[in-house]
Amino acid sequence: MPTSAPWDSLWVDLSVATMDGATMSEADGYGAIADAAVGIKDGRIAFVGRRADLTDAPEALATEVHSGQGGWMTPGLIDCHTHLVYGGNRAREFEMRLNGASYEEIARAGGGILSTVTATRAASEDQLLAATLPRLDSLLAEGVTTVEVKSGYGLDTETETRMLCVARRLSQVRPVEVRTTYLGAHALPPEFKGNPDGYIDRICTETLPAIAEAGLADAVDAFCEGIGFSVDQTRRVFETAKRLGLPVKLHAEQLSNLGGARLVAEFGGLSADHIEHLDEEGVAAMAQAGTVAVLLPGAFYALRETKLPPIELLRHHGVPMALSTDNNPGTSPVTSLLLMLSMGCTFFRLTPAEALAGITRHAAKALGLTDRGVIAPGLRADLAVWRIEHPAELAYAIGLNPCMAVVNGGVVRSPRVEAP
Ligand SMILES: [Zn+2]
């Protein structure tokens, strides 16, 4: 009997937030279906609709029938901007700052981004993996099924390669899909002090081609900022990425408006991230290019920023807005995507439905992925099931994790992932 069932599994006794922009009404930002059913076959969604529209009893339709216990199902969450792999941490620096130390004193004590570079260079692949897993597990406990991971704390070819190898290994030891991004133009390594153009040469002639050749990066990113790299230097990195067939994205307009968003849009980039100082010209360029705005409220919070990203302009121009943790040791040591929902709503005034789209549908788009982020037939069965009565609870609660089950490519797991 089970072998003749059309689907491998079927979820009932739940409501579904499909987050499917193609089918949802204007008034309902969730694509909500009450008393729903979701059928899964070969790791893909085979059916989503009302339980009343099932053609037979659940047991006749699927080998396994799961009860959502009256909760809600959403797409599996997608964290589309993280620096999850790194050595050490910056808690000591955090403490020094709060004890009154100046930036100069912290730098003299070996603090700042270069302290993370030093710790990351000194760590073996296994050590980096062990340091990363607790952070990843925290994300997975909240229903994350896809995570993006950037390099950028090695800066030399060998360590950048090692970071990306660790990122790739994460999906072998945990139930998660990983997308990797090469972020060589993140900071100037000490060996290139005073010579940023020389470092960009190194990226374009040696490191990026080697990483592309090894198939270790799905995209290329840079930090375009007064304290990072100029628009011209970023353009050289993007031209190399384009030549190697890799899509680009950018840390842009975080602390000032250099025109980074226009540059990434010019290259048809996947996303412009941070963008607190983005102007309307940049917004329009992103809209034209289909570039996603990735909002990072964790960094906004940790840096006590006051300049808000131009949410109203992004809405007006129809630019999709994603939300992400920006997990990194310096400016966003955040490992909760649900907290980003809360901060996205409270700081940036997103609606809860916009915020949820930001960690599902629009986060998928920020990674160039068209097979997930929405619950619709044919897409990956990456799903999260929540003990809630309405999806707004996901953005409303602070510090509560109502995730009760996660489905990765059709396979059900508990939110808590333990080491094998
Ligand atoms: Zn970042």
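Since the model is a prediction, treat every value here as computed from it, not as a measurement.

**With respect to a nonpolar patch on the surface**
Together, Ile-227, Leu-255 and Leu-303 line one region of the surface with nonpolar side chains, adding up to about 270 Å² of accessible area. Among the structural elements, Leu-303 can be located in the loop between helix H11 (297-302) and helix H12 (311-316). Judged by relative accessible area, which is 34%, Leu-303 ranks as partly exposed.

**Let's talk about the coordination of the zinc ion**
Of the protein atoms, only His-81 (NE2), His-83 (NE2), His-251 (NE2) and Asp-326 (OD) coordinate the zinc ion, at distances of 2.1 to 2.3 Å. Considering all 4 donor atoms around the zinc ion, the spread of angles at the metal, 82 to 168°, places the coordination shape in the irregular class. Each donor residue of the zinc ion lies on one chain, and together they are spaced H-x1-H-x167-H-x74-D. Here His-81 is found in the loop between strand E6 (77-79) and helix H2 (91-98), whereas its partner Asp-326 is found in the loop between strand E13 (321-323) and helix H13 (337-346), with 245 residues between them in sequence.

**Description of the domain arrangement of the chain**
Each domain of the chain was delimited in the assignment, giving domain 1 (7-75 + 374-413) and domain 2 (77-366). Of note, the centres of domain 1 and domain 2, computed from C-alpha atoms alone, are 30 Å apart. Contact with domain 1, which involves 28 residues of that partner, is made by 22 residues of domain 2. Between domain 1 and domain 2 lies a buried interface of about 1,800 Å² when both sides are counted; carbon and sulfur atoms form 65% of it. Where domain 1 meets domain 2, there are 1 salt bridge.

**A word on the nonpolar core**
Ranked by internal contacts, the top residues of the largest apolar core, which has 90 residues, are Val-147, Ile-203, Leu-295 and Leu-314. Looking at which domains feed residues into this core, each of domain 1 (7-75 + 374-413) and domain 2 (77-366) gives three or more. Residues in contact with Leu-314, not counting those within four places in the same chain, are Ile-275, Leu-278, Val-283, Ala-293, Leu-295, Val-319 and Met-321. In this structure, Leu-14, Val-16, Ile-375 and Ala-381 belong to the second largest nonpolar core, which totals 17 residues.

**Considering the UniProt feature "binding site: N-formimidoyl-L-glutamate" (unreviewed entry) in the chain**
As annotated in UniProt, the feature "binding site: N-formimidoyl-L-glutamate" (unreviewed entry) corresponds to Tyr-153, Asn-328 and Gly-330 in the numbering used here. These annotated residues cover 178 residues of sequence, and their C-alpha atoms all fall within 11.4 Å of one another, placing them together at a single site. Looking at the secondary structure, you find Asn-328 in the loop between E13 and H13. Ignoring sequence-local partners within four residues, the contact set of Asn-328 consists of His-83, Tyr-86, Tyr-153 and Pro-333. A distance of 2.7 Å separates the side chain of Asn-328 from the backbone nitrogen of Thr-331, its partner in a polar contact. Along the polypeptide, Gly-330 turns up in the loop between E13 and H13.

**Things to note about the sheet that holds strand E8 (residues 177-185)**
The strands making up a sheet associate through hydrogen bonds between their backbones, and the pairing can be parallel or antiparallel. Here 4 strands make up an open sheet; going across it, the order is E6-E7-E8-E9 and the pairing parallel. Each of the sheet's edge strands pairs with one partner strand only, and the pair in question is E6 and strand E9 (219-222). Each neighbouring strand pair of the sheet contributes to a mean axis angle of 20°, computed without reference to strand direction. Pairing of strand E7 (residues 144-150) with E8 involves 5 bridges; the strand directions are parallel. For Glu-148, the partnering residue across the bridge sits in E8 and is Arg-179.

**Remarks on the sheet that holds strand E11 (residues 271-274)**
An order of E10-E11-E12-E13 is seen for the 4 strands of this open sheet, with the pairing classed as parallel. Of all strands in the sheet, those bounded by a partner on one side alone are strand E10 (249-252) and E13. Neighbour-to-neighbour, the strand axes of the sheet open up by a mean angle of 25°, direction not taken into account. Pairing of E10 with E11, which is carried by 4 bridges, proceeds in the parallel orientation. Counterpart to Lys-249 in the pairing with E11 is Ser-271.

Scoring rules and cut-offs
Residues numbered from 1 in each chain as written. Predicted model: local features only at pLDDT ≥ 70, side-chain atom pairs only at ≥ 80, totals over all residues. Heavy atoms only, no water. Patch = residues over 30% accessible without salt bridge, like charges linked within 9 Å, V, L, I, M, F, W, Y side chains within 5 Å. Areas by Shrake-Rupley, 256 points an atom, 1.4 Å probe, with all protein chains shown as cover. Salt bridge = Lys/Arg side-chain N within 4 Å of Asp/Glu carboxyl O. Helix = DSSP H or I, 4+ residues; strand = E, 2+ residues; numbered from the N terminus. Buried < 20%, exposed > 50% of the residue type's maximum accessible area, 1.4 Å probe, protein only. Donors = N, O, S within 2.8 Å, 3.2 Å for Na, K, Ca; no water. Tetrahedral: all angles 85-135°; square planar, octahedral: opposite > 155°, others 65-115°. Domains from an automatic or database assignment. Contact = heavy atoms within 4.5 Å. Buried area = accessible area lost by both parts, 1.4 Å probe. Core = buried A, V, L, I, M, F, W, Y, C linked by side-chain atoms within 4.5 Å. UniProt positions renumbered as here; feature names shortened; annotations may be inferred. Polar contact = N/O pair within 3.5 Å; in protein donor to acceptor, adjacent residues only side chain to side chain. Pairing = 2+ DSSP bridges. Axes fitted to C-alpha atoms, helices over the stretch in contact; angles between N-to-C directions.

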